[in-house]
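What the coordinates show
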Amino acid sequence: QVHGIVRRSSSFNTGRIEHLYKNPQAHIEGNMKLHYGDLTDSTCLVKIINEVKPTEIYNLGAQSHVKISFDLAEYTADVDGVGTLRLLDAIKTCGLINSVKFYQASTSELFGKVQEIPQKETTPFYPRSPYGAAKLYAYWIVVNFREAYNLFAVNGILFNHESPRRGANFVTRKISRSVAKIHLGQMDCFSLGNLDAKRDWGHAKDYVEAMWLMLQTDEPEDFVIATGEVHSVREFVEKSFKHIGKTIVWEGKNENEVGRCKETGKIHVTVNHKYYRPTEVDFLQGDCTKARQKLNWKPRVTFDELVREMVDADVELMKNNPNA
């Protein structure tokens, strides 16, 4: 049985988990039960944890958009940093230290301005955003509770993980949605930021399996989860268009660079400086050797398969609902 926390909103905000309802049309719950709550409200966290008495807690809640964290820096710190402390304190308050296993969603953004390539569990942290800095606090408060109270608590330092359910304002989903719309004739062009940012992209379903495996071990340890492969935003764009039969040719430099369709001559991609971050993370590449050895985990979905799945899913989505 799975319990989740959902933030109160004046509009439905459960779109990405609709399929988990026993009756999606009527929002009737089955093995998934939702509770109204928020990581900024310690009282509700204590109440929910005391009522449910969970055996495993996965803290996947966060203001997780790196660029937006520069605009909402205080809120990001409150939710991503102190919110983690509130959850840990709630476990302690409810007397569940010895019966709960706790997973914290850490991030490759902790490495930021990377100090070594590839990045592993022992690589020094150097966050480059309010999001990364907030997650750094969360990482260390988890370690502190593990060492101070003997709580089974782990940090999963997950590199970028994507799927068709990725939020629409994240770069991978923005690309797959826009390519789908262009393919269907619903738009002509879209804008991106730093085309040369390089990331280690994996599939969310592989990474969620790794989260679960971390809580099935005998001793709590922190793990880097990654594919070990690096691809640029530019490459993600090229492969997405290739999947719909278009070849992108790049022209110009920096903010004046455009991506033109070789077959039609139309410009489909432009660069807009507003999507750049004040401090950029240029290169992230993970080393998941420890997870391979201790969890017997390895990624199954390739980069090409991930891109194709996201584009195909958005083509189907936009066919049925062009305004999605």
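All of these numbers come straight from a predicted model, not from anything done at the bench. (Residues numbered from 1 in each chain as written. Predicted model: local features only at pLDDT ≥ 70, side-chain atom pairs only at ≥ 80, totals over all residues. Heavy atoms only, no water.)

**A few points about the overall build of the chain**
When helices and strands are counted, the chain shows 9 helices and 14 strands. Its C-alpha radius of gyration of 21 Å places the chain within 12% of the 20 Å reference for a compact globule of 324 residues. Dimensions of the chain, computed from the C-alpha atoms along their principal axes, are close to 65 × 50 × 40 Å. Considering only residue pairs separated by 6 or more positions, the chain has 73% of its internal contacts joining residues 24 or more positions apart. When the accessible surface of the chain is summed, it comes to about 16,100 Å², and 48% of that surface belongs to carbon and sulfur atoms. Considering the chain, the positive charge centre built from 42 side chains and the negative charge centre built from 41 side chains are found 3 Å apart. (Helix = DSSP H or I, 4+ residues; strand = E, 2+ residues; numbered from the N terminus. Rg over C-alpha atoms; globule rule 2.2 N^0.38 Å. Contact = heavy atoms within 4.5 Å. Areas by Shrake-Rupley, 256 points an atom, 1.4 Å probe, with all protein chains shown as cover. Lys, Arg positive; Asp, Glu negative; His and termini not counted. Charge placed at Lys NZ, Arg CZ, Asp CG, Glu CD.)

**Some thoughts on the sheet that holds strand 10 (residues 223-225)**
With parallel pairing, 4 strands are arranged side by side in an open sheet as 3-4-5-10. Whereas interior strands pair on both sides, the edge strands pair on one side only; in this sheet they are strand 3 (56-59) and strand 10. Going from strand to strand, the sheet's axes swing by 25 degrees on average, the running direction of each strand aside. Pairing of strand 3 with strand 4 (residues 101-107) involves 4 bridges; the strand directions are parallel. From the neighbouring strand, Tyr 58 faces strand 4, where its bridge partner is Tyr 103. Together, strand 4 and strand 5 (152-158) form the strand contacts of helix 4 (residues 130-149), whose direction differs from that of strand 5 by roughly 150 degrees. (Pairing = 2+ DSSP bridges. Axes fitted to C-alpha atoms, helices over the stretch in contact; angles between N-to-C directions.)

**Things to note about the packing of aromatic side chains**
Applying the stated rule across the entire model yields 11 aromatic pairs. Relative to Tyr 103, the ring of Tyr 58 has its centre 5.9 Å away and its plane inclined at 40 degrees; by these criteria the two rings are tilted. Here the residue Tyr 58 occupies a position in strand 3, and Tyr 103 occupies one in strand 4, the gap between them amounting to 45 residues. Each ring, one from Trp 201 and one from Phe 236, has its centre 5.3 Å from the other, and the planes form 65 degrees; the classification is edge-to-face. Residue Trp 201 is found in the loop between strand 8 (198-199) and strand 9 (202-203), and its partner Phe 236 is found in helix 7 (residues 233-243); the two are separated by 35 residues along the sequence. Trp 201 sits in the buried class, given a relative accessible area of 4%. Put simply, the rings of Phe 111, Phe 125, Tyr 139, Trp 140 and Phe 159 touch in pairs and so form one group of aromatic residues. (Phe/Tyr/Trp six-rings, centres within 6.5 Å; stacked < 30°, edge-to-face > 60°. Buried < 20%, exposed > 50% of the residue type's maximum accessible area, 1.4 Å probe, protein only.)

**Here's the deal with the layout of surface pockets**
One simple way to see leftover space: roll a probe sized like a water molecule over the atoms. Taken as a whole, the second largest pocket spans an internal volume of roughly 200 Å³. Along the wall of the second largest pocket there are 13 residues; nearest its centre are Val 6, Phe 12, Asn 13, Thr 14 and Tyr 36. Considering each element in turn, the lining of the second largest pocket owes the most residues, 3 residues, to strand 2 (residues 32-36). Among the residues forming the lining of the second largest pocket, the class breakdown is 5 nonpolar, 6 polar and 2 charged. (1 Å grid on protein atoms, 1.4 Å probe; cavity = no way out; pocket = protein on both sides within 12 Å on 5 of 7 lines; lining within 4 Å. Points joined across faces, edges and corners; volume = space filled by probe spheres on them. Nonpolar A, V, L, I, M, F, W, Y, C, P; charged D, E, K, R; others polar.)

**Some details on the sheet that holds strand 14 (residues 267-271)**
The strand order across the open sheet built from 4 strands is 7-14-13-12, with neighbouring strands paired in mixed fashion. Every interior strand has two partners, whereas the edge strands, strand 7 (190-192) and strand 12 (248-251), have only one. Averaged over all adjacent pairs, the angle separating strand axes in this sheet is 25 degrees, with direction ignored. Sheet topology places strand 13 (residues 258-261) next to strand 14; 3 bridges connect them, and they run antiparallel. When the sheet's bridge partners are listed, Gly 259 is paired in strand 14 with Val 269. Helix-sheet contacts for helix 5 (residues 171-183) involve strand 7 and strand 14, and the interaxial angle to strand 7 is about 160 degrees.

**Concerning the pairing of strand 5**
Consecutive side chains along a regular strand alternate between the two faces of the sheet. The buried fraction of strand 5 is high, at 7 of 7 residues. Neither face of strand 5 is exposed, since Phe 152, Val 154, Gly 156 and Leu 158 on one face and Ala 153, Asn 155 and Ile 157 on the opposite face are all buried. Both strand 4 and strand 5 contribute to a ladder of 7 bridges, which runs parallel. Its bridge partner being in strand 5, Gln 104 is matched across the sheet by Asn 155. After leaving strand 4, the chain enters helix 4 and then returns to the sheet as strand 5, a path that is right-handed. Where strand 5 lies against strand 10, 3 bridges are found, and the strand directions are parallel. Across the sheet, Leu 158 pairs through a bridge with Ile 225, a residue of strand 10. (Right-handed = clockwise from strand over helix to strand, strands pointing away.)

**Section: the packing of helix 7 against helix 9 (residues 303-320)**
Closest axis-to-axis distance for the helix 7/helix 9 pair is 9 Å, and the angle between their directions is 60 degrees. Relative to helix 9, the element helix 7 lies oblique. Between helix 7 and helix 9 lies a crossing whose hand is right-handed. Every residue of helix 9 that contacts helix 7 at Glu 235, Phe 236, Lys 239, Ser 240 and His 243 is listed here: Phe 303, Asp 304, Val 307, Arg 308, Met 310, Val 311 and Asp 312. A per-class count over the contact of helix 7 with helix 9 returns 5 nonpolar, 2 polar and 5 charged. (Parallel < 35°, antiparallel > 145°, perpendicular 65-115°, else oblique. Left-handed = near helix turned anticlockwise from the far one by under 90°.)

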